[in-house]
There are 2 protein chains.
Amino acid sequence: MATIKDVAQKSGVSVATVSRVLNEKGYVHEETRAKVVQAIQQLNYSPNEVARSLFKRESRLVGLLLPDITNPFFPELARGVEDELQKQGFRLLFGNSDEDPVKEQAYIHTFLQNQVVGLISATQASKELNDKPPALPTVLLDRTHDGSYTVYADGKEGGRIAARELIKRGSHKVTVLKGPSHIQPVQDRFQGAMEVLGNSNVDFHVIHTTSFTYEEAEQRAKELFSCYATTDGIIASNDITAAAVLHEALRIGKSIPEEVQIIGFDDIPLSRLLFPSLSTIRQPAYEMGSQAAQLLLKLIKKEQVTAQHIQLPVTFVERNTTRKVKEHG
Amino acid sequence: MATIKDVAQKSGVSVATVSRVLNEKGYVHEETRAKVVQAIQQLNYSPNEVARSLFKRESRLVGLLLPDITNPFFPELARGVEDELQKQGFRLLFGNSDEDPVKEQAYIHTFLQNQVVGLISATQASKELNDKPPALPTVLLDRTHDGSYTVYADGKEGGRIAARELIKRGSHKVTVLKGPSHIQPVQDRFQGAMEVLGNSNVDFHVIHTTSFTYEEAEQRAKELFSCYATTDGIIASNDITAAAVLHEALRIGKSIPEEVQIIGFDDIPLSRLLFPSLSTIRQPAYEMGSQAAQLLLKLIKKEQVTAQHIQLPVTFVERNTTRKVKEHG
DNA sequence: TCTCTATATGTAACCGTTTACACATAATTT
DNA sequence: AAATTATGTGTAAACGGTTACATATAGAGA
């Protein structure tokens, strides 16, 4: 690999001058610039980012911390983040935390050691961040937290919508599957659904799940249909869970959506592939990632940011696990 | 952030000594070490990876290049890679290429600028790699290439198995959906299926797809059932395509697997969630990622590697889009 | 003409590590 | 006792960039 010294030598100038043409900063005579540019091309030189980072005390890397890329909601987020960052010349240092605080800290620590310019985290990554006074620019994704910059979808409204749609479409005995309660957005969804359900006159009950694994969802689905055989509407904590419920419902011969309606949450790519395709509350995952990246970029560049919290709207995606509502009922 | 100098000062020794205790290299008196360790703890010091990388001329970062993390096959791969690397203290620099050579080169270039120790690529990343004589340790994942280290699944055998299983289960008019032909493993699958189909006495025909998007798959599925209404067995190019076909088949009222059998490829998490759940040829994606990481680690450490190419077996996952084969036919 | 400023370039310090080398002392050999 | 060898530590030069500062020339304004 050629270094800046090689370029300086070849073009007969000092390294300072080369650096100036590289960074288009300070005065450089046009002829000199031409010579330098030529030398750069001949040597196929490109600057060493590591040396640059060392001096500047920051890299062009951004840390991205996710719970688990294997959960189909997160690739969309990640893609949104990446595409936006990539456009502006930043790269991603990536880690899965599995919601494990130890892993999480370990990743943040190495991110810091690698002098990332910023961090986007879809985990509870709170501690390390708020401790350090010369804090790393950070955006929380799909999480809320007063003191931080955040980008998230309106989970509470999502929960409300889900409940309303189910009621509107004639469900009378609703089951709500509540996800792991330590995850903030999950709580919100649940609260929203409770709010509407509580103000309605339908029966409802709640089944609690402790993870987002398909295995557990399968288990809960079986319970659901054996304990509450007359349930005719299900609000799942996310689409994976909804898929498990749907699968089990079909397996035991329920007709969907005639006997049982199901609404999921997230609108992961899988949802439309199910049969019947899954009605769900859509979170604009890609958009969320993209917004988070844009916000972070502003923080990094110390540009004016108008909002500390960006809440994106959720929408009801009507597919075929809910009944059609007749016009002018 | 405290530096090694701060630690040296606080513990009353030189930076060289601190470096020695940090790296457990060279002689350090036990008492001195204790003093240094204490200073490190008091200052909450941890070494700057960037400075270290600069001097060593290599970082502890590994580049991971994927076509598109949004395609559900790749998160599993990525997770396999990450988990293995993470254990050994390496971090991931991550990029999606969208199979676009320009993006691909751009990523490899910045990986190089950041002095990654190695590269794992699930794209055609050939050029830049083989050009450079002081080559970056590289492992190709899910791709084959004679001159490189590779980890991949036995696609050809997968194709054969798919065809055999379909025939064994009584399909007489098989349709093969052939994926984008510039992607090597896709070709292999196709070749394998052709081999078995060609030596059998079933009718078959081929429909060509140019992408792995669900939208195109949907389109092709419609074509399939309108042009070849009597098809009773379908080999899809991957599980996404298979899902689209299944969806369309159900929509037009075919009974699965009685009238039509379907076999996918990959066994992505979605596959078991479909209804009927999808029979498919499983690639051990996580394992592939993990193996690739292990191989790369060996290359990096210049350990003896026994095999340049690691081919992992595929397996038939029997679910419910294929008929049961009766014992003792 | 003299000063001031804009243009152009080089020198050297610095970013935070690692390590070759020098040096000193203690423990072993011979 | 002399010669090795092992142990322990510091000095300073890298690594490959950036930039403050010094210096020099040319044109502009007084």
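Scope of this entry: the structure provided in the associated data block. (Residues numbered from 1 in each chain as written. Chains lettered and ligands numbered in written order. Predicted model: local features only at pLDDT ≥ 70, side-chain atom pairs only at ≥ 80, totals over all residues. Heavy atoms only, no water.)

1. Looking at the protein's contact with DNA strand D
Worth spelling out the cut-off: Near is defined per residue: the residue qualifies when any heavy atom it owns lies within 4 Å of the molecule or strand. In this count, Pro and Cys sit with the nonpolar residues alongside Ala, Val, Leu, Ile, Met, Phe, Trp and Tyr, while Asp, Glu, Lys and Arg are called charged and the others, Gly among them, polar.
Surveying the vicinity of DNA strand D reveals 27 residues, the closest of which are Ile-4 and Ser-19 of chain A together with Arg-20, Tyr-27 and Thr-32 of chain B. Within the surface near DNA strand D, the residues separate by chemical class into 12 nonpolar, 9 polar and 6 charged.

2. A short note on the pairing of strand 5 (residues 149-153) of chain B
Residue and element names in this part refer to chain B. Quick reminder of the rule: For the exposure calls, accessible area comes from a 1.4 Å probe over protein chains only, and a residue counts as buried if that area is under 20% of its type's maximum, exposed if over 50%, partly exposed in between. Numbered from the N terminus, helices here are DSSP runs of H or I no shorter than four residues, and strands are runs of E no shorter than two. Here, any two strands with at least 2 DSSP bridges between them count as paired.
In terms of burial, strand 5 is largely enclosed, as 4 of its 5 residues are buried. Across 3 bridges, strand 4 (residues 138-141) lies against strand 5 in parallel orientation. The residue of strand 5 that forms the bridge with Leu-141 is Val-151. Taken together, the 4 bridges between strand 5 and strand 11 (residues 309-312) define a ladder with parallel strand orientation. Across the sheet, Val-151 pairs through a bridge with Ile-310, a residue of strand 11.

3. Structural notes on the protein's contact with DNA strand C
Note the following rule: Polar contact is defined as a pair of N or O atoms within 3.5 Å, subject to the rule that within protein one atom must be able to donate a hydrogen and the other to accept it, and that residues adjacent in sequence are counted only when both atoms are side-chain atoms.
Near DNA strand C you find 27 residues, and of these Arg-20, Tyr-27 and Thr-32 of chain A together with Ile-4 and Ser-19 of chain B are the closest. Taking all atoms of DNA strand C within 4 Å of the protein, the share assigned to sugar and phosphate is 65%. Tyr-27 of chain A has a polar side-chain atom sitting 2.3 Å from a phosphate oxygen of DNA strand C. One of the backbone nitrogen or oxygen atoms of Ile-4 of chain B is found 2.7 Å away from a phosphate oxygen of DNA strand C. Secondary structure elements with two or more residues in the surface near DNA strand C: helix 2 (15-23) and helix 4 (49-56) of chain A together with helix 2 (15-23) and helix 4 (49-56) of chain B. Residues that form the surface near DNA strand C fall into these classes: 12 nonpolar, 9 polar and 6 charged.

4. Side note on the packing of aromatic side chains
Residues and elements named next belong to chain A. Definition in use: Only the six-membered ring of Trp is used, alongside the rings of Phe and Tyr, when aromatic pairs are assigned; centres must lie within 6.5 Å, and planes under 30 degrees apart are stacked while those over 60 apart are edge-to-face, with the rest tilted. Only when the NZ of Lys or the CZ of Arg is both within 6 Å of the ring centre and within 35 degrees of the ring normal is a charge said to sit over the ring.
Evaluation of the coordinates by the stated rule reveals 5 aromatic pairs over all chains. Judged by centre distance (6.0 Å) and plane angle (45°), the rings of Tyr-107 and Phe-111 are tilted. Of this pair, Tyr-107 and Phe-111 both sit in helix 6 (residues 101-113), 4 residues apart, roughly one helical turn. Across from the ring centre of Phe-190, 5.1 Å away, lies the NZ or CZ of Lys-178, which sits over that ring.

5. Re the environment of Val-245 of chain A
Residue and element names in this part refer to chain A. Just so we agree on the cut-off: The contact rule is simple, with two residues in contact once any of their heavy atoms fall within 4.5 Å.
Mapped onto the elements of the fold, Val-245 is located in helix 11 (residues 239-251). Along the chain, Val-245 and Gly-264 lie 19 residues apart, while their C-alpha atoms are 9.8 Å from each other. Leave out the neighbours within four places in its chain, and Val-245 touches Leu-177, Ala-221, Phe-225, Ile-234 and Ile-262.

6. A closer look at the interface of chain B and chain A
Short version of the rule: Accessible-area loss on putting two parts together, using a 1.4 Å probe and summing over both, is the definition of buried area adopted here. Criterion for a salt bridge: a side-chain nitrogen of Lys or Arg within 4 Å of a carboxyl oxygen of Asp or Glu.
In this assembly, 51 residues from chain B lie in contact with 51 residues from chain A. Buried surface at the junction of chain B and chain A, both sides included, amounts to about 4,700 Å², of which 57% is carbon and sulfur. The tally of links from chain B across to chain A stands at 8 salt bridges. For Glu-218 of chain A, the salt bridge goes to Arg-272 of chain B, with nearest N and O atoms at 3.6 Å. Applying the counting rule to chain B against chain A returns 26 residue pairs in polar contact (both at pLDDT 80 or more). Elements represented by at least two residues in the side of chain B that touches chain A include exactly helix 4, helix 5 (73-87), strand 2 (91-96), helix 6 (101-113), helix 10 (214-227), helix 11 (239-251) and helix 12 (270-273) of chain B. No other element matches the 7 residues that helix 6 of chain B contributes to the side of chain B that touches chain A.

7. Observations concerning helix 5 (residues 73-87) of chain A
Under the convention used in this document: Helix span, expected: 1.5 Å multiplied by one less than the number of residues in the helix.
Between its first and last C-alpha, helix 5 of chain A extends 23 Å over 15 residues, near the 21 Å set by a 1.5 Å rise per residue. Most of helix 5 of chain A is tucked away: 13 of the 15 residues are buried.

8. What about the environment of Tyr-27 of chain A?
Residues and elements named next belong to chain A. In this structure, Tyr-27 sits in the loop between helix 2 and helix 3 (30-43). The exposed category is assigned to Tyr-27, whose relative accessible area is 84%. With 10 residues separating them along the chain, Tyr-27 and Thr-17 place their C-alpha atoms 8.7 Å apart.

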